[in-house]
Amino acid sequence: MSHPDLNLLVTLDVLLTEGSVARAAKRLRLSASAMSRALARLRETTGDPLLVRAGRGLVPTPRALELRERVGSIVEDAEAMLRPAEKLDLTRLTRTFTMRNSDGFVENFGPALLARIAREAPGVRMRFVPKPDKDSTPLRDGSVDLETGVIGTTTGPEIRAQTLFRDRFVGVVRVGHPLCEGVVTPERYAAGQHVLVSRRNLEKGPIDDALEMLGLQREIATTVSGFLEALVFARAAGLIASVPERYTGHLRDGMYRFALPFALPEITISLLWHPRLDADPAHRWLRGCVRDVCTGNNKATGVAADGHDEI
């Protein structure tokens, strides 16, 4: 089945509005013969003469009168659909965004982000959901609009990413722990009891690899899936937690932090979204809000490097 040429809708709209082949040709910047051929195609497509001779002019048929009432609005809607989006009016924006993050983001950046949104777009609501893995399906299917985290091997290749900040891991213990006093050496660090953070429930992580290079091994007292849980055990059970310094800032309130006594690669926290939302004005605005909150109004660019789930 052949499809009609939708460009004929514009021609039909002008012909029925002008009621004259000559005037329609002038308006569309076509020759009279080209417009006559277009009218012939319209007659063939619609199965109706549309405009018929009446003296020295043309008059519309009943079918043409019926179409004239509809084709104008159709063409107007199509033109509006194809025009660039109008400038975003944040004061009138009403929308709910879903954002996926690992524990620590909402506690550290959520209040400032909500305050920024409330000032600029009071009709916008944020829905924060947990991020149990790095699967890109929620971004692809639209159930999540935006997320933060470290890019991994399961992150979709089409996913857009922009660096928010780089972070380093630090050791954290409760006040009164032996590591609060004196120099924290690799030997003292390894001698304590630790909580391992592993989303995939592995038995070791990069820290264990670094200690092994020094001929050391730490004792893992328990394994958890997130940094918040690790800090709970460090605070309540006297274990040693190793967590990203900036990402867990407020989660560590009242606890003692120390630099790890060995080299460990930094991680890059990125902002992630699906490319279908690249040009969406409201989504672009929200991305800017998140970047400003996380970077202190300093723009960050680039794509994050791969990171680790186990610490």
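(A) Layout of the overall build of the chain. A tally of regular secondary structure across the chain gives ten helices and twelve strands. In terms of C-alpha radius of gyration, the chain reaches 32 Å, well past the compact-globule figure of 19 Å for 311 residues. Principal-axis analysis of the C-alpha atoms places the extent of the chain at approximately 105 × 40 × 25 Å. For the chain, the exposed surface amounts to about 17000 Å²; the carbon and sulfur share of it is 53%. Here the chain contributes 42 positive and 39 negative side-chain charges, whose respective centroids are spaced 9 Å apart.

(B) Expanded view of the pattern of salt bridges. One pass over the full model with this rule turns up 17 salt bridges. When the shortest N-O distance is used, the salt bridge between E18 and R27 registers 3.1 Å. Classification of R27 by relative accessible area gives partly exposed; the value is 45%. Where D278 meets R160, a salt bridge forms, and the shortest distance between an N and an O atom there is 2.8 Å. One end of the pair, D278, is in the loop between strand 12 (267–273) and helix 10 (281–295); the other, R160, is in strand 6 (residues 160–167), with 118 residues separating them in the sequence. Take R160: its relative accessible area is 36%, and that puts it in the partly exposed class. Taken together, the shared-partner salt bridges in this structure form one network comprising R100, K131, D133 and E147.

(C) Local environment of helix 8 (residues 206–213). P206, I207, D208, A210 and L211 are the residues of helix 8 that are buried. Of the surrounding elements, those touching the buried residues of helix 8 are helix 7 (186–191), strand 8 (193–197), strand 9 (219–224) and strand 10 (241–244). Trailing helix 8 by a residue or two, G215 shows a phi angle of about 75°, which is positive.

Rules behind the numbers
- Residues numbered from 1 in each chain as written.
- Predicted model: local features only at pLDDT ≥ 70, side-chain atom pairs only at ≥ 80, totals over all residues.
- Heavy atoms only, no water.
- Helix = DSSP H or I, 4+ residues; strand = E, 2+ residues; numbered from the N terminus.
- Rg over C-alpha atoms; globule rule 2.2 N^0.38 Å.
- Areas by Shrake-Rupley, 256 points an atom, 1.4 Å probe, with all protein chains shown as cover.
- Lys, Arg positive; Asp, Glu negative; His and termini not counted.
- Charge placed at Lys NZ, Arg CZ, Asp CG, Glu CD.
- Salt bridge = Lys/Arg side-chain N within 4 Å of Asp/Glu carboxyl O.
- Buried < 20%, exposed > 50% of the residue type's maximum accessible area, 1.4 Å probe, protein only.
- Contact = heavy atoms within 4.5 Å.

Without other data, these values stay purely geometric and don't point to any function.
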